[in-house]
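The primary structure of each chain is shown beneath.
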Amino acid sequence: MIFYGLPIRLTTLLTIWLLAAGLSAQGQRRLAPADSTAPRPSTRRVRQPLPADHPRAIEPGVRRPGIYFPQAPIPGRWRKSIGVVFTTTPPELTEEIRVNVPAIDFNLQRGISKNWFITGRILTQVVQSNVGVGVRYARPLTDRLFISAGDDMHIWFGALQIKDVFNSQAYGLQNFPNVSVGYRFTRDVQMTLKGEAILDAYYKSQVGNLTIERNAIRYNGLAVTVAIEQPLYDKKHVTLGLRAAYSNFNWQLWSLYDTFDRNLFYPQLIFGFIL
Amino acid sequence: MNTRYLVLVGLLVTLLMGCRKEYEAPVPYNFSNLTGSGKFSTAIRQSINGVYTVTDGSDKFGAQVVLRWTYTHTGADTSHHLSVFTSNVGYFDMEPQPQTGGLAVGGYWRRLQDTEIGLVQLTVNVRRSGAVSPFTGRLSTGDTLVVSGVYGDGDVTPTKRLTMTYARPLNARPFSVLAHRSGGRTSDLLPASENSVEIIKMASRLGATGIEIDVRYTKDGVPILYHDNTLNLRLIQKNGLAGPIEEYTYQQLNTLVRLVNGERIPTLEEALQTVVDNTDLSFVWLDTKYVRSMTQVQSIQRTYLQRAKAAGRSLQIVIGLPSDDAVSLYRDLPEKSNTPVLCELDTSITRSINANIWAPRWTLGDQTAEVNAMKAEGRTVFVWTLDEPQFIREFIDQTRFDGILSNYACVVAYYHYSQQ
């Protein structure tokens, strides 16, 4: 029986995430001073309209800064974020070693109509990178609840030239059909639950003059992301997210040449500044 | 952010972690380990060895497989096993069934990349003028061997048909199929743990002609087999011990620690004694996982080379040098003659210490110029540790290496023996 339990590195990431979430919550409180006259949570069932300056009051239809929240940008406007993604390597692959090199994460979105928008994303660790483009349809269900559906296509590529160790390169194509559900708790705090299927469309790897290629489309796994977007300090907004991917292949670990034909768990911590 | 939402996220993460699937692949077959080959005489076994075309069962095991007999010595006697190596990272491990009237074998099949496993029962027949009848040991011109029977999934009684028809003999080109960590990784759910005596006995049934083992020292200076830097649940059963294995005495490890499948951590001497006494393996690669004098390992190497020679065995035991530290330890040996070594570093270092074998990483590619140069100097060249099946095929088909070290010896065996 092989069961490794909660990896220590993952608990570290969770701790960092919770600390960041706490800081963010503090920032949120600074933006919205406590209102002693605000109704207690138990009275919310009454559904009385909240005063406009209440921290939980929202303005219907207003777009808040966010990358994950399923709401299209204003047509013709851009949304951008830059941050880092930490991926914990599965023990099945790296055994007793945990490699945790953060990837720089740059996101770009542009509204093309009231409900449609395009997305772009670049993830890079210098020796390996991932570039994706996609399209999404988003619409509100209520003032607070939003949904979206979309599809992203990603190209990843990596090259390792290390004396006496690697003379290898690889690239591939992956597709991510996705759906998101977002809930706006206050005017400035929004949470998103995103589900993605991961499809492998193409893979090519080369060591020296030897090459292998796979071009069949196959199901590779799925991923669930929980992201919170809210102010941090000085009205700057941030994304804090956890992505749990169960997949057969992860592009960031291409150089390990994983041979397991089963889904492995890749937890990711996402942190981004919304520009 | 409200605390309740943090709790919600925590619950989600816990739920995701809790949903992790536990992987195991218990072997559904109990081997009798009877000595002798029963009705499978030497001539019959030799006639069965070969490359076969699969008809019934090709969707499961591929269009072509390799059948090869191996044996394990048990004292003065010998147990025989028939292995089948498939193109989809699988193997069969079967033993003769003496209770049946004809030539029958039974055992299990396994695919190493996941948890697929099942029972298999086969008989050996001959096709003569279109008619199939039980094989009695004599092949006439135009006869074709047909090994057929049934297989199943898990421990259920097998019912699915499997038919394998002899196509050609095994590729006879000399080539070393080297099994990593004595046979394969514990994480591939093999029936025995990596670097155990039990998996050394099993290595040839997995396709290996040689093995690589990892040598470390206990606190009291006993060389043992263990791969990782620390005691951890990847390799051992839960016992409360942790930290570097070098901090424990041999007695502590022998008493308190069991490998994942329940075996003891063997000493280097127990491992080599097993190779000499119980196996037909022709090569042992002692990987250097320690930083201390190499004298003791050198002494053990010499002892077991002499024992193998006395037993009439053609066995090579080499000390692997994976790092500059290991090369320095080797250079510090006062007497280096008759100490075969394998160098994993570049060709200039290999030449400078006059290592018999050069073994670069497979991720450097074909390295044709270097391989040709080293072979021209009379050295053997291996590549390590190559598990990707398609690259294994490429290395066998397109390079001039003398052997491949792999966690999937069955894949290397399949592509080597089936090469035309």
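Quick caveat, the model's predicted, so the values are computed rather than measured.

Chemist: Got a minute to help me understand the overall build of chain A in this structure?
Modeler: A tally of helices and strands in chain A yields 2 helices and 11 strands. Moving toward the C terminus, one meets the helices and strands of chain A in the order α-β-α-β-β-β-β-β-β-β-β-β-β. A total of 275 residues make up chain A; the buried ones form 51% of that total. Taking the contacts inside chain A whose residues are at least 6 apart along the sequence as the reference set, 59% of them involve residues at least 24 apart. For chain A, the accessible area works out to roughly 13000 Å², and carbon and sulfur atoms hold 62% of it.

Chemist: Would you explain helix H12 (residues 409-417) of chain B in this entry?
Modeler: Structurally, the α-helix is built with 3.6 residues per turn, so residues lying three or four positions apart point the same way. Among the 9 residues in H12 of chain B, 9 count as buried, and that is most of the element. Burial in H12 of chain B covers these residues: Ala409, Cys410, Val411, Val412, Ala413, Tyr414, Tyr415, His416 and Tyr417 of chain B.

Chemist: So what exactly am I meant to see when it comes to the packing of aromatic side chains here?
Modeler: The geometry of two aromatic rings is summed up by the distance between their centres and the angle between their planes. Applying the stated criterion across every chain, the model contains 27 aromatic pairs over all chains. With centroids separated by 6.0 Å and ring planes inclined at 35°, the aromatic side chains of Tyr171 of chain A and Tyr202 of chain A adopt a geometry described as tilted. Taken together, the residues span a long stretch of sequence, with Tyr171 of chain A in strand S6 (residues 166-184) and Tyr202 of chain A in strand S7 (residues 190-207) at a distance of 31 residues. Tyr171 of chain A sits in the partly exposed class, given a relative accessible area of 38%. Summarising the aromatic geometry, the rings of Tyr203 of chain A and Phe249 of chain A are spaced 5.8 Å apart at their centres and angled 80° between planes, so their arrangement reads as edge-to-face. Here Phe249 of chain A lies in the loop between strand S10 (237-247) and strand S11 (264-274) and Tyr203 of chain A lies in strand S7, a separation of 46 residues in the sequence. Judged by its relative accessible area of 16%, Phe249 of chain A is buried. Clustering of aromatic rings is evident, with ring pairs tying together Trp254 and Tyr257 of chain A together with Trp362, Phe391, Phe395 and Phe401 of chain B. Just above the ring of Tyr217 of chain B sits the side chain of Arg292 of chain B; from NZ or CZ to the centre is 4.0 Å.

Chemist: In this structure, what is going on with the packing of helix H11 (residues 389-398) of chain B against H12 of chain B? I would like to understand it.
Modeler: Working note: a packed helix pair is described by the angle between its axes plus the distance between those axes. Residues and elements named next belong to chain B. Where H11 meets H12, the closest approach of the two axes is 9 Å, and the angle between their N-to-C directions is 40°. In terms of their interaxial angle, H11 and H12 are classed as oblique. Note on packing geometry: the crossing formed by H11 with H12 is right-handed. Here Pro389, Ile392, Arg393 and Ile396 of H11 lie close against H12, whose contacting residues are Val411, Val412, Tyr415 and His416. Of the residues that constitute the contact of H11 with H12, the class distribution is 6 nonpolar, 1 polar and 1 charged.

Chemist: Whenever I open this one, a nonpolar patch on the surface confuses me. Can you help?
Modeler: Among the surface-exposed residues, Ile112, Trp116, Ile118, Val135 and Tyr137 of chain A lie close enough to one another that they form a single nonpolar patch of about 420 Å² accessible area. Residue placement: Tyr137 of chain A occurs in strand S4 (residues 128-140).

Chemist: I tried to follow helix H7 (residues 295-310) of chain B on my own but got confused; where do I start?
Modeler: Residues and elements named next belong to chain B. For H7, which comprises 16 residues, the first-to-last C-alpha distance of 23 Å matches the rise-based estimate of 22 Å (1.5 Å per residue) to within 8%. Within H7, burial applies to Val297, Gln298, Ile300, Gln301, Tyr304 and Ala308. Taken end-on, H7 shows its buried residues confined to a sector of 160°, consistent with a single buried face. In H7, the exposed positions angled more than 90 degrees off the buried face are occupied by Gln306, Lys309 and Ala310. The inward-facing, buried residues of H7 abut strand S11 (210-217), strand S12 (223-225), helix H6 (268-278), strand S15 (283-288) and strand S16 (316-321).

Chemist: Teacher, can you tell me more about empty space enclosed by the protein here?
Modeler: Empty pockets left among the atoms are what a rolling probe the size of a water molecule brings to light. Residues and elements named next belong to chain A. Counted under the stated rule, the structure contains 7 cavities of 30 Å³ or more. Of the volumes computed, that of the largest cavity is approximately 430 Å³. Lining the largest cavity are 34 residues, and of these Arg121, Leu123, His154, Glu196 and Arg243 lie nearest its centre. The greatest single-element share of the lining of the largest cavity, amounting to 5 residues, is contributed by S4. By residue class, the composition of the lining of the largest cavity is 13 nonpolar, 15 polar and 6 charged.

Chemist: So what exactly am I meant to see when it comes to the side chain of Asn278 of chain B here?
Modeler: Residues and elements named next belong to chain B. Examined against the element boundaries, Asn278 turns out to sit in helix H6. With relative accessibility at 16%, the residue Asn278 sits in the buried group. Excluding anything up to four places from it in sequence, Asn278 contacts Thr72, His73, Lys201 and Gln273.

Chemist: Help me understand the pattern of salt bridges in this model?
Modeler: A side chain of one charge can pair with a side chain of the opposite charge when the charged atoms of the two come close. The full count for this structure, using the stated rule, is 30 salt bridges over all chains. One salt bridge connects Arg214 of chain A with Glu388 of chain B, and the closest N-O pair in it is separated by 3.8 Å. With Arg214 of chain A in strand S8 (residues 210-214) and Glu388 of chain B in the loop between strand S19 (380-383) and H11, this residue pair bridges two chains. Between Asp214 of chain B and Lys289 of chain B there is a salt bridge, with its nearest N and O atoms 3.1 Å apart. Within this pair, whereas Asp214 of chain B is found in strand S11, its partner Lys289 of chain B is found in the loop between S15 and H7, the two being separated by 75 residues in sequence. A relative accessible area of 0% means that Asp214 of chain B is categorised as buried. Overall, Lys289 of chain B belongs to the partly exposed group, its relative accessible area being 25%. Connected via shared salt-bridge partners are Asp261 of chain A together with Lys60, Arg111, Asp114, Glu116, Asp153 and Lys160 of chain B.

Chemist: What is the right way to read the confidence of the model for chain B from this model?
Modeler: Close inspection of predicted coordinates is inappropriate in any region flagged by low pLDDT. Residues of chain B with pLDDT of at least 70 account for 95%, and the chain-wide mean is 94. At the level of chain-chain contacts, confidence expressed as ipTM amounts to 0.87, with global pTM at 0.89.

Chemist: How do you make sense of the pairing of S10 of chain A when you look at a structure like this?
Modeler: A regular strand places its side chains on the two faces of the sheet in alternate fashion. All names here are of chain A. Counting buried positions over the 11 residues of S10 gives 11, a clear majority of the element. Residues His237, Thr239, Gly241, Arg243, Ala245 and Ser247 of S10 are buried on one face, and the alternating residues Val238, Leu240, Leu242, Ala244 and Tyr246, pointing to the opposite face, are buried as well. Of the pairings in the sheet, the one linking strand S9 (residues 218-231) to S10 comprises 11 bridges and is antiparallel in character. Bridging from a neighbouring strand, Gly221 pairs with Ser247 of S10. Counting the residues that bridge the hairpin from S9 to S10 gives 5 residues, and of these Asp234 lies at a positive phi of roughly 55°. As judged from the 11 bridges shared by S10 and S11, these two strands associate in the antiparallel manner. Bridge pairing in S11 places Gly241 opposite Ile270.

Chemist: Just to check I follow, could you spell out the environment of Ser247 of chain A for this structure?
Modeler: Residue and element names in this part refer to chain A. Inspection of the secondary structure puts Ser247 in strand S10. Given a relative accessible area of 2%, Ser247 falls into the buried group. C-alpha of Ser247 to C-alpha of Tyr219: the two residues are 28 residues apart in sequence and 8.9 Å apart in space. When near neighbours in sequence (up to four residues on either side) are disregarded, Ser247 contacts Ile198, Asn220, Gly221, Arg262, Asn263, Leu264 and Tyr266.

Chemist: Where do I start with the side chain of Thr225 of chain A in this structure?
Modeler: Residue and element names in this part refer to chain A. With respect to the secondary-structure elements, Thr225 resides in strand S9. Given a relative accessible area of 2%, Thr225 falls into the buried group. Contact partners of Thr225, with chain neighbours within four places excluded, come to Tyr68, Thr192, Leu193, Lys194, Glu196, Leu242, Arg243 and Ile270.

Rules used in this analysis
Counting restarts for each chain: residues are numbered from 1 in the order of the written sequence. Written order decides the labels, with chains lettered from A and ligands numbered from 1. Confidence filtering applies because this is a predicted model: local features only for residues at pLDDT of at least 70, side-chain atom pairs given and counted only at 80 or more, and all residues used for totals across whole chains, interfaces and linings. Excluded from the side-chain calculations are hydrogens and water; all other atoms, namely the structure's heavy atoms, are used. The helix and strand labels rest on DSSP assignments: H or I over at least four residues marks a helix, E over at least two residues marks a strand, and numbering proceeds from the N terminus. Buried residues are those whose accessible area, probed at 1.4 Å on protein chains only, stays under 20% of the maximum for their type, while exposed residues exceed 50% and partly exposed ones sit between those limits. When checking whether two residues touch, look at their non-hydrogen atoms; a contact exists if any pair is within 4.5 Å. Values of accessible area rely on a 1.4 Å probe in the Shrake-Rupley scheme; residue burial ignores everything except the protein chains shown. In this scheme Phe, Tyr and Trp rings, the latter by its six-membered ring, pair at centre separations within 6.5 Å, and the angle between planes marks the pair as stacked below 30 degrees, edge-to-face above 60, and tilted otherwise. Both a distance and an angle decide whether a charge sits over a ring: NZ of Lys or CZ of Arg must be within 6 Å of the ring centre and within 35 degrees of the ring normal. Convention adopted: a line fitted to C-alpha atoms gives each axis, helices being fitted over their contacting stretch, and angles between N-to-C directions are expressed from 0 to 180 degrees. With respect to orientation, any angle under 35 degrees is reported as roughly parallel, any angle over 145 as roughly antiparallel, any angle of 65 to 115 as roughly perpendicular, and every other angle as oblique. Crossings are assigned a handedness: left-handed for a near helix turned anticlockwise from the far helix by less than a right angle, right-handed for a clockwise turn. Each residue is assigned to one of three groups, with Ala, Val, Leu, Ile, Met, Phe, Trp, Tyr, Cys and Pro labelled nonpolar, Asp, Glu, Lys and Arg labelled charged, and all others, Gly among them, labelled polar. Each patch is built from residues that are more than 30% exposed by relative accessible area and take part in no salt bridge. Like charges join if they lie within 9 Å; nonpolar side chains (Val, Leu, Ile, Met, Phe, Trp, Tyr) join within 5 Å. By convention in these notes, a salt bridge is any Lys or Arg side-chain nitrogen within 4 Å of a carboxyl oxygen on Asp or Glu. Take the residue count of a helix, subtract one, and multiply by 1.5 Å to get its expected span. It is the directions from the helix axis to the C-beta atoms that the arc portrays. Only protein atoms enter the calculation, which uses a 1 Å grid: trapped sets of points that fit a 1.4 Å probe without letting it out are cavities, open sets showing protein on both sides within 12 Å along at least five of seven lines are pockets, and any residue with an atom within 4 Å of a point is a lining residue. Grid points are joined across faces, edges and corners, and a volume is the space filled by probe spheres set on the points. By definition, pLDDT measures how confident the predictor is in each residue, and it falls between 0 and 100. Note on pairing: two strands pair once DSSP finds at least 2 bridges between them.

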